Amino acid sequence: MLAFFTHTVTPVVGNKYDNIKIVIYTGDIDATPSSILEKAKNVFNIALDVDKITFVFLKQRHWVEARKYPHFTLLGQSLGSIVLGLEAVSDCRVGCYVHYPTISTDMLKRVQYRHTAHNNKAYVARNPFLTRIKLVYYRLFSKMYRFASRCSETIMVNSSWTENHILELLDVPFKTFRVYPPCEIEHLRKLEHIEKNDEIVILSVGQFRPEKNHPLQLQILYELRTLLARDEDLWNQIRLIIVGSCRNEEDYERLQNMKDLAKHLSLENSIDFKVNVPYDDLLKMYETTKIGIHTMWNEHFGIGIVECMAAGLIMVAHKSGGPLLDIVETSEGSQNGFLATDAVEYAACILNIILSPDEANQNIIDAARSSVARFSEEEFDKQFLRAISTLFN
C-alpha cells in the first residue's frame, strides 16, 4: 500500500496508473462521497469519478483539531495525528508532499524575538519566562518533526520557501523535489476583463483564518483613503471585495470582527464581504476586477495569487514566502505584480496601479498571465510523477 498525505495527488495518480486503488481518508463523517466530490468540483473545479475512489471515514479527527488544545497546540495536534494516522494506515510506503511545515525556523525566531502573532499570544510574548518555556517546547517539537520527516522515502515541497525550511529542519543532505501545486489556469487566462467605468474593484480571495491577516486589508483601504483625501471622486469609485470561506463558528466570529472593524474605520460603505462563494460567481468577479491583494505573511505558496494573475488581475502580495521567492517578479522589464510589507506600502502600490497608464498596466497583466504557465496542472503532473516514480519500483 502507498500512502500520500495530500489532496492534490488523486487525479494525477489515477490518470497515470490504471491498476492503482485510490483511497481518500476524511474526518467528515457526516458527509457522503458524492457530496465531497461535488464540493471539490464547485470550489476547485476538479472533476473526479466517484466509482474509482474509495472513501474511508475516520472517527478520530477530533484529536487533531486546534480547539481541543488551547495551549501546546502543536504538540497536542501532533500526538493526536498519531492516533488518527494509526486509524488510517499501517504497513505502507510513505511519501510526503509538504505544503507548509508544521514548525519552521520563522516560528522559532518570532517566539525568540517576542513578536506577537496568531500563534504567539501577547501574554507569552510579553513574558520572558513563558517565552523561554515556549522556545524549549518548539525546539523539542522541531526535533520530533525532523525524526518523523526522515521516515519518508520521498519528500516533495510546494515552493522554494517550504523547501528551504524543510532542508533546514532536516539538517542532513536530503533529496527534495520542488513540485508547484496544480493551478487550473487555462480557462482563467482566457477570461476577458469587463471595464466598469464607475468602479475600481480590489479583490481579496482567501479563507477567513487568522494567518490570512484580513485586518491588514482594512488598514490598507484606510491608508488608501488617506492618500486620496483630496480626490473624493476617485475614492468613491474604489470598492474592496473580500471573498472567503468559513469552516466553523470561529471563522464566522472572525468575519463578524472584520465587519465591526470596517465600521470602526468608517469603511463599511466601501467593502463587501462574500462568504462561501460558488466558483462560477468568483469567475464573474475576476472579469470585473482590476486589482487583487493578498496579505498573508510567509504564505507557503499562493495558489490564489496565481489564479488572480491568470485571470488578469494586477496582484499586490506580501513580500515574503512563496509570492516573493516563486511567483511575483518586480524587476523593471519583467514585472508581473507588486510586493509590499505594510498597509502604507500596499496603499502606495494600489494607487500606483490606479494612476498608471493603461499600457503600463496591460504590460504587467500580460507578463503575469505568461508567467503562471509554470504552475499549470500539466507541469504539476510531470513533476509529481517524476518525484514518486521510485515508490512504484
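None of the values given here were measured: they were computed from a predicted structure. Along each chain, residues carry numbers from 1 onward, in the same order as the chain's sequence is written. Only residues with pLDDT of at least 70 are given local features in this predicted model, and only at 80 or more are side-chain atom pairs given and counted; all residues enter the totals for whole chains, interfaces and linings. Only hydrogens and water are set aside; all other atoms, that is, all heavy atoms of the structure, feed into the side-chain values.

Some details on the overall build of the protein chain
Runs of H or I in DSSP of at least four residues are treated as helices and runs of E of at least two as strands, each being numbered from the N terminus. Helix and strand counts for the protein chain stand at 17 helices and twelve strands. Relative to the globule expectation of 21 Å for 393 residues, the C-alpha radius of gyration of the protein chain, 22 Å, shows essentially globular dimensions. Over its C-alpha atoms, taken along the principal directions, the protein chain stretches across nearly 65 × 55 × 45 Å. Sequence-distant contacts in the protein chain: of pairs separated by 6 or more residues, those separated by 24 or more amount to 70%. Each accessible area is a Shrake-Rupley result for a 1.4 Å probe, and residues are judged covered by the shown protein chains and nothing else. Looking at the protein chain as shown, the accessible area adds up to about 20,700 Å², and 52% of this sits on carbon and sulfur atoms. Side-chain charges in the protein chain split into 43 positive and 49 negative, and the spacing between the mean points of these groups amounts to 8 Å. Radius of gyration here is computed from C-alpha atoms only, and the compact-globule reference equals 2.2 Å multiplied by the residue count raised to the power 0.38. Throughout, a contact is declared for two residues whenever any of their heavy atoms are within 4.5 Å. When charges are counted, Lys and Arg contribute as positive and Asp and Glu as negative, whereas His and the chain ends are disregarded. To locate a charge, the coordinates of NZ of Lys, CZ of Arg, CG of Asp or CD of Glu are taken.

Concerning the domain arrangement of the protein chain
Domain start and stop points were drawn from an automatic or database domain assignment. Annotation of the protein chain at the domain level lists domain 1 (9-93), domain 2 (97-182) and domain 3 (188-375). For domain 2 and domain 3, the distance between their C-alpha centroids amounts to 28 Å. In this assembly, 15 residues from domain 2 lie in contact with 14 residues from domain 3. When domain 2 packs against domain 3, the two sides together hide about 1,200 Å² of surface, and 64% of this comes from carbon and sulfur. What gets called buried area is simply the loss in accessible area from a 1.4 Å probe that two parts show on being joined, summed for both. Summed over the three residues of domain 2 that lose the most area to domain 3, namely His 118, Trp 161 and Tyr 180, the buried surface amounts to 39% of that side. Definition used for salt bridges: Asp or Glu carboxyl oxygen within 4 Å of a side-chain nitrogen of Lys or Arg. In this structure, the connection of domain 2 to domain 3 is made through zero salt bridges.

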